[in-house]
Each structure stands twice: as structure tokens, then as C-alpha cells.
Amino acid sequence: MSVVLENRLTMLSMDPLATTEEESARAASDYANLTAHLAADTAGTMAGQRVVVVGGGVIGLMTALYLTRAGAQVELFEAQSLGAAASGRNAGGIYAFGRAIDEVALARASMDLWEDLSTRGIDSHFQRPGHAMIALNDHERSLLDLAERHYALAGLPTRMLSPEEAVAMLPGVNPDNAGALMGTTDGQGYPFTAVTSIIAELRAADAIIHDHCPVQSVIERGGHARGVRSERGVTEADHVILCAGPWLAGFSESAGCNLAVRPRRSQLMVTERIAGLENFPFVSGNRVYARRTHAGNIMVGGGGPWEQDGYNVTSSYEALSFLGKHMSELFPGLAGAPIIRAFAGTVELTADHLPLFGPAPAMAGLWISAGYNGHGFGLCAAMGRLTVDLIRSGSDSVPLPAAVNAVVGEFGPDRFNVKQGNSHE
Ligand SMILES: Cc1cc2nc3c(=O)[nH]c(=O)nc-3n(C[C@H](O)[C@H](O)[C@H](O)COP(=O)(O)OP(=O)(O)OC[C@H]3O[C@@H](n4cnc5c(N)ncnc54)[C@H](O)[C@@H]3O)c2cc1C
């Protein structure tokens, strides 16, 4: 049984018992190498190339943003409304703390890019309030002690809070807590503010955006993707990138491999404004997580066995009762806060909880970036930026830079590799 099931540390994806010190140290060097790589300016590196982006969630929009900044001519298709799926219905957490050790470098780099974007035209309400993971018993505390060692080796700034310090720093927290581990640099943003800001820059840069316009098929000629077909007819392109989130599996035939992404509901609820919580960080524990909005509301989320696969985005009483009960146990001081609204979205799950990022095996010029397993808002900045490298590695026959390959080498879309044949125009 995994560590996630044995305890109630909601956001601890890392198994501290199975992680080695060597892996943790590698996360630090991967981050340093990635940071050095990302400092290079990409402006003009994709000048004259036509790229179609399929999907207008944060992954597709952020990808379009970085491609546009690199000089590509981008045309984006969205089946529904821009940002209407999970990308506009999430908690806005931009975190590295709590992640599996082999995701830490990428998640840290993405946080840095979010911060950089916030100083270069993209309004996301980005801030770094930190993330406190709260233990409610000695077993959870011992896992946090081990996790602290690994995150420190990985270079992630953390601080262990005693139960008394946790009470002082986290107003309303359970006074019988067993301590909390704080990732002091974790961030958060506002999903729709970010989406709106990205769309504004894309429009200003003459990117073409079609919403309510699903892509029906990828067009192939001579083994190369040459564009897409939609109700607007054929759109020609040099590259097509699939950012269709949980809908990705529908493109398996074109890609020539099983793009196995499963949709599953995830729910959030929001309290009315609560005074006195101005410095409230992102918090998690007891199977729930929570953040504060700028206005002072607390948003509470968490998954559970009641959530089903599929595209149902109604809120359920069962889930909201669970979130209320568990948040009240973690923060008795917030118990009874009135809930003013609730919403749900669809997360995109892969079998090994790693993204699908890389070339489609069956068609040159067809690329995939999806399946972010409920972490796509935080990761989208890095994935958008790295897509410039990915496409250049295909079109210019430049190998994927070592710093990039070190962190995305495991994400090949064909790793589940059930061949499905190919499609032709
Ligand atoms: C309740 C909840 C809380 C979350 N909290 C966080 C969090 O705190 N931090 C975090 O990092 N992540 C969080 N997530 C996860 C995050 O929202 C997702 O990982 C991210 O939004 C995925 O973005 P995406 O663009 O890949 O997918 P989506 O947002 O699902 O977008 C995919 C888009 O592709 C479009 N599409 C599909 N097929 C086609 C087609 N044929 N043609 C054109 N368009 C097509 C769809 O209409 C959709 O708009 C949360 C998710 C939920 C539901």
C-alpha cells in the first residue's frame, strides 16, 4: 500500500521511505541545469513556423504564448470556451513542495517561470505564500521529518514547525497537531485571471484563436502532420500540438499510440470571507487542502473514492460534507464558516501519474502535451516553454537539450505503447 493511502497527508506525493538521497540530490542539480537552460532567450527561434495548438486550457494557451514569443505563427482551436474545463475550475496552486522527487526540478522551474511571467505582462495574481503540510499524529510527523531531509537535499527551501509554531502561524489550526512542514517558496495564482491575460497577449501578437471549434482530425501527408480539419475546413501548419487534456485519448489513432488519459471529477468549495487570515499559506492535511483568496475567502478541496471517472462536473453533497468535516478537524477554528459556493472540474489522469509530453510516434510534426494529473496549472509555464525546445528538436534536428531531457525524458507519449494504426487525410 502506498504512503498516500497509509496517512492523511493529502499533498505528499513523494514516498519518503522509497526515495533515495541520490535521487533527491539529483533533483537539485536537475533544477540548476534547467534554470540555466531556461535563461536563454528564445525570441525569433521559431520565426516563420506555423503551429496549430489543439485545446484552449492553460496548457494549450501557455504553449501558444511561448511559441508566439519565439516567433511562431500560432492558430489555436478550442472545442468549448477558452479555459472552461479544469483550467478555469482549479485551486490555482503552483507548488513544488509535496511533489514526487523526480518532479521537483520541473515544478520549481515552472514556479520561477510563473513569477517571471508576472513581471513580464501576464497577470495571474501570482504570489508565494508557501505551503504548510500539517501532521495530525506521530506517524505523519515521522513522514514529514523524512520528507524534510529529501526536500532539503533537493534544494527546496523548507521549515519544520513545532506544534506550537504551527498554532502561531496557522490561525485556527488544530492545537493537537503534531507539527507542520512548510515549503516556504510555494506559490499560487488565479486561473481565470491568468487565462484572460494570456489570451490578451496572444490576440495582441496576432495569434489566431478559434473557440467553440473542435478539431475533428489531424491531417497527414507523407508521414508528416500538415494541419487540422475543423468546421472551418482545413488549416495548414508545419506542426500540430495536442493539448486536449482529458480528451486526448480521442487522438490516439492519429498519434499511433494509446494516449491513455482518464477524466475524473474533482471538487472545491468556498467559504465566505474570514477576517484575520491575511498571511494564510496554502495548507494541506487530513485528506483536504485549502488556500485563501485575495478577498479573504477560503477555498477547500480534496479527492476521494466517491469521485468517478467521466465528465460529470456537478458538485455532490457527499463530497462537500467530507470536505467540511475534514477541514473542520484540521482547522477547528474555521469550523462553521458558511460555504457560499462549490464547483467541480475534470482532472486528467495517466496510469503512472506522469504527463504525456513528446512527439507522436506515428507522425512527424505531431506533438503531445497533456495528462498533467491534477498539477497542470502549476506546470503549464514550464511545459509551454519547453514545447519550444521540443518542436525545435524535431524541426531543426537539434537533440533535446540535456537539461530538458533529464526532466522530461520519462514523459514519452508512447510509453503505454498499444499501437492503434494510423489515419490519413
Ligand atoms: C478541482 C480542481 C482543482 C485543481 N487544482 C489544481 C491546483 O491547485 N494546481 C494545479 O497545478 N492544478 C490543479 N488542477 C489541475 C489543473 O486544472 C489541470 O491539470 C489543468 O487545467 C490541465 O490543463 P489542460 O489545458 O491540459 O486541460 P483542460 O483544462 O482540460 O483543457 C483541455 C481543453 O482541450 C479542449 N479540447 C478537447 N478536445 C478538443 C478538440 N478536439 N479540439 C479543440 N479543443 C479540444 C477542451 O475543450 C478543453 O478546454 C485542478 C483541477 C481541478 C478539477
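Where an unreviewed UniProt entry is consulted, the protein appears under the name FAD-binding oxidoreductase, with the organism given as Cryobacterium tagatosivorans.

1. Topic: the domain arrangement of the protein
We note that the domain assignment places domain 1 (3-261 + 353-408) and domain 2 (262-349) within the protein. Here the C-alpha centre of domain 2 lies 22 Å away from the C-alpha centre of domain 1. Taken together, the contact between domain 1 and domain 2 spans 37 residues of the former and 35 residues of the latter. Of the roughly 3100 Å² buried between domain 1 and domain 2 on both sides combined, carbon and sulfur atoms contribute 59%. Counting the contacts that link domain 1 with domain 2 gives 23 residue pairs in polar contact (both at pLDDT 80 or more). Grouping the constituent residues of the side of domain 1 that touches domain 2 by class yields 19 nonpolar, 16 polar and 2 charged.

2. What about the packing of aromatic side chains?
Taken as a whole and assessed by the stated rule, the structure comprises 6 aromatic pairs. By the ring-pair criterion, three or more aromatic residues cluster together here, those being Tyr95, Phe282 and Tyr289.

3. Observations regarding the site of the ligand
Within the structure, the ligand sits among 38 residues, and Glu78, Ser87, Glu348, Gly376 and Gly378 are positioned closest to it. Between the ligand and Gln80 there is a distance of 2.9 Å, counted from an oxygen atom to a side-chain nitrogen or oxygen. Within the contact set of the ligand, an oxygen atom lies 3.1 Å away from a side-chain nitrogen or oxygen of Asn90. Broken down by element, the shell around the ligand gets its largest block of residues, 4 residues, from strand β17 (residues 339-349). The class makeup of the residues in the shell around the ligand is 20 nonpolar, 15 polar and 3 charged.

4. Description of the pattern of salt bridges
Evaluation of the coordinates by the stated rule reveals 17 salt bridges. Via salt bridges that share partners, Asp112, Glu115 and Arg128 belong to a single interconnected network.

5. Things to note about empty space enclosed by the protein
Where empty space is left becomes clear once a probe the size of a water molecule has been rolled over the atoms. Inspection of the entire model under this criterion finds 1 cavity of 30 Å³ or more. Reported here for the largest cavity is a volume of approximately 50 Å³. Arg99, Glu103, Leu106, His353, Pro355, Tyr372, Asn373, His375, Leu379 and Phe411 together form the lining of the largest cavity.

6. Quick notes on the layout of surface pockets
Taken as a whole, the second largest pocket encloses approximately 280 Å³ of empty space. Around the second largest pocket, the lining comprises 15 residues; the ones closest to its centre are Leu38, Leu113, Asp116, Arg120 and Arg385. Ranked by residues supplied to the lining of the second largest pocket, first place goes to helix α4 (residues 104-119) with 4 residues. The class makeup of the residues in the lining of the second largest pocket is 7 nonpolar, 2 polar and 6 charged.

7. Focus: unusual backbone geometry
Even without a glycine there, the phi angle at Asn286 is positive, about 50 degrees. Secondary-structure assignment places Asn286 in the loop between β14 (282-285) and β15 (288-292). Backbone geometry at His353 places phi at a positive 60 degrees, although glycine is not the residue there. Here His353 lies in the loop between β17 and β18 (356-359).

Definitions and limits used
- Residues numbered from 1 in each chain as written.
- Predicted model: local features only at pLDDT ≥ 70, side-chain atom pairs only at ≥ 80, totals over all residues.
- Heavy atoms only, no water.
- Domains from an automatic or database assignment.
- Contact = heavy atoms within 4.5 Å.
- Buried area = accessible area lost by both parts, 1.4 Å probe.
- Polar contact = N/O pair within 3.5 Å; in protein donor to acceptor, adjacent residues only side chain to side chain.
- Nonpolar A, V, L, I, M, F, W, Y, C, P; charged D, E, K, R; others polar.
- Phe/Tyr/Trp six-rings, centres within 6.5 Å; stacked < 30°, edge-to-face > 60°.
- Near = heavy atom within 4 Å.
- Helix = DSSP H or I, 4+ residues; strand = E, 2+ residues; numbered from the N terminus.
- Salt bridge = Lys/Arg side-chain N within 4 Å of Asp/Glu carboxyl O.
- 1 Å grid on protein atoms, 1.4 Å probe; cavity = no way out; pocket = protein on both sides within 12 Å on 5 of 7 lines; lining within 4 Å.
- Points joined across faces, edges and corners; volume = space filled by probe spheres on them.

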